[in-house]
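So the chains spell out like this:
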Amino acid sequence: MQPKLIIHGGAGSSLKGKGGLAVVREALHGIVAAVYDDLLQGAAAAAAVVKGCELLEDHPRFNAGTGSVLQSDGQVRMSAALMDGTAQRFSGVINVMRVQHPIQLAQTLQTESDRVLSDQGAAELLRELNTPIYNPLTDLRLNEWLAERKGDFDKTMAGVIAEQELGAESEAGRGTIGVVVLDQAGRIAAGTSTGGKGFERIGRVSDSAMPAGNYATPQAGVSCTGIGEDIIDECLAAKIVIRVTDGMSLADAIAKSMAEASQNKRDLGAISLAADGAIAWGKTSEVLLAAYHDGHAIGDTLEWTGPELVGHIAP
Ligand code: ASP
């Protein structure tokens, strides 16, 4: 079967500067090309998702791994989840610190009996695995945090993706990352990784490590981005996936779910794939930073700023 792939680097407010657009496009297209190559060589869906998430975590422009935003106390705490749609198994870490690739912890937990670990448990797992200590903090994020502290953290979320320099107006909002894959054997997996929404209270739990933000079955997979509380209230990833699993087409499932989210005034986005090869994306925010490979070519949603809530590519 022809593999399919879609990834995202967050959702948010308008991409205003072309410099920002070019940087994001180059990053997303490069990662799509690298992961798609692996898929053509027979990589399994879950392994391809982990690889894609690692590459996105390593890119300092995205709010996951290196370049994660800081919480209200000035610390970086990251969350990640992996869902293997074939095994129908979810695993994840919540508010983990000092690690380069949170998605790798989610991958390790796939085969454990305790599959979602939070701060202290995740730290113990890192120690057990002898994972090298890594500081994901970048100067840009630290300076953003210092600037926001002056304003008493009055933003609802950090503006994290394409700022060319500090002080410039944020060109797009959130930079959580996600990857959804359909491999040659027809298996689906989804992964999501985030530094959170930025400036949040200690202990706040992101949707990214919940089935609301990352979910898959043998029929479909979804990764979400946007304000985590909105995604949780819609139970968005699980809702879209279950609609498809119950027989709705992916395009209809995402359209119905986005219409509901829009009616409820949510600020979010989602990427998705179905077992029949359909690819779809949706947003209620202004932009969604997604790129995909449909088996023929790489495409993206970076210049999609119209009022439509969804886009899709038929199988
Ligand atoms: N959904 C993430 C959170 O609320 C943030 C994001 O998608 O950028 O933690």
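Residues numbered from 1 in each chain as written. Predicted model: local features only at pLDDT ≥ 70, side-chain atom pairs only at ≥ 80, totals over all residues. Heavy atoms only, no water.

Q: Help me understand a nonpolar patch on the surface, please; the structure alone is not making it clear to me.
A: Judged by side-chain polarity, Leu-137, Leu-142 and Leu-146 come together as a nonpolar surface patch covering roughly 200 Å² of accessible area. Within the element layout of this structure, Leu-142 appears in helix α5 (residues 139-150). With relative accessibility at 31%, the residue Leu-142 sits in the partly exposed group. (Patch = residues over 30% accessible without salt bridge, like charges linked within 9 Å, V, L, I, M, F, W, Y side chains within 5 Å. Areas by Shrake-Rupley, 256 points an atom, 1.4 Å probe, with all protein chains shown as cover. Salt bridge = Lys/Arg side-chain N within 4 Å of Asp/Glu carboxyl O. Helix = DSSP H or I, 4+ residues; strand = E, 2+ residues; numbered from the N terminus. Buried < 20%, exposed > 50% of the residue type's maximum accessible area, 1.4 Å probe, protein only.)

Q: Explain the nonpolar core here, please?
A: One broad trend across soluble globular proteins is that nonpolar side chains are buried collectively. With 45 residues, the main nonpolar core has Leu-5, Ile-7, Leu-28, Leu-56, Val-96, Val-179 and Val-181 as its most contacted residues. Looking at this core element by element, the count peaks at nine residues for helix α1 (residues 18-40). Excluding anything up to four places from it in sequence, Val-181 contacts Lys-4, Leu-5, Leu-39, Ala-45, Ala-48, Val-49, Arg-187, Ile-188, Ala-189 and Leu-273. Of all hydrophobic cores here, the second largest spans 41 residues; its members include Ile-94, Ala-209, Val-222 and Ile-271. (Core = buried A, V, L, I, M, F, W, Y, C linked by side-chain atoms within 4.5 Å. Contact = heavy atoms within 4.5 Å.)

Q: Before we go on, may I ask you to explain the sheet that holds strand β9 (residues 268-274) in this structure?
A: By way of backbone hydrogen bonds, the strands of a sheet pair with one another, either parallel or antiparallel. The antiparallel open sheet is built from five strands, whose spatial order is β7-β8-β9-β10-β13. Where the open sheet ends on each side, the last strands, each with one partner, are β7 (214-216) and β13 (310-313). The sheet shows a mean angle of 10 degrees between the axes of neighbouring strands, taken without regard to direction. Sheet topology note: the strand β8 (residues 220-226)/β9 ladder contains seven bridges and is antiparallel. When the bridges of β9 are listed, Thr-225 appears paired with Gly-269. Sheet contacts for helix α7 (residues 236-245): β7, β8 and β9; angle to β8, the most-contacted strand, approximately 155 degrees. Along the sheet, helix α8 (residues 250-263) contacts β9, β10 (279-283) and β13; its crossing angle with β9, the most-contacted strand, is approximately 165 degrees. (Pairing = 2+ DSSP bridges. Axes fitted to C-alpha atoms, helices over the stretch in contact; angles between N-to-C directions.)

Q: Help me out: how do you make sense of α8 in this one?
A: Because the α-helix completes a turn every 3.6 residues, residues three or four places apart line up on one side. Given a rise of 1.5 Å per residue, 14 residues ought to cover 20 Å, and the 20 Å separating the end C-alpha atoms of α8 matches this to within 8%. When we look at burial in α8, the residues that qualify are Leu-250, Ala-253, Ile-254, Ser-257, Met-258 and Ala-261. Angularly, the buried residues of α8 cover 120 degrees about the axis, an arc narrow enough to put them on a single face. Turning to α8, the residues buried within the fold contact α6 (228-234), α7, β9, β10 and β13. Once α8 ends, the next one or two residues include Lys-265, with phi positive near 55 degrees. (Expected span 1.5 Å × (residues − 1). Arc of directions from axis to C-beta.)

Q: In this structure, what is going on with the site of the ligand? I would like to understand it.
A: Taken together, 14 residues lie around the ligand, and Thr-176, Ser-206, Asp-207, Thr-225 and Gly-226 are the ones closest in. In this structure, an oxygen atom belonging to the ligand sits 2.7 Å away from a side-chain N or O atom of Ser-206. Between the ligand and the protein, one listed contact pairs an oxygen atom with a backbone N or O atom of Gly-228 at 2.9 Å. The protein chains hide 100% of the 270 Å² of surface that the ligand would expose on its own. At the level of elements, β8 and α6 are the ones that each hand at least two residues to the shell around the ligand. When the residues that make up the shell around the ligand are grouped by side-chain class, the tally is two nonpolar, eight polar and four charged. (Near = heavy atom within 4 Å. Polar contact = N/O pair within 3.5 Å; in protein donor to acceptor, adjacent residues only side chain to side chain. Nonpolar A, V, L, I, M, F, W, Y, C, P; charged D, E, K, R; others polar.)

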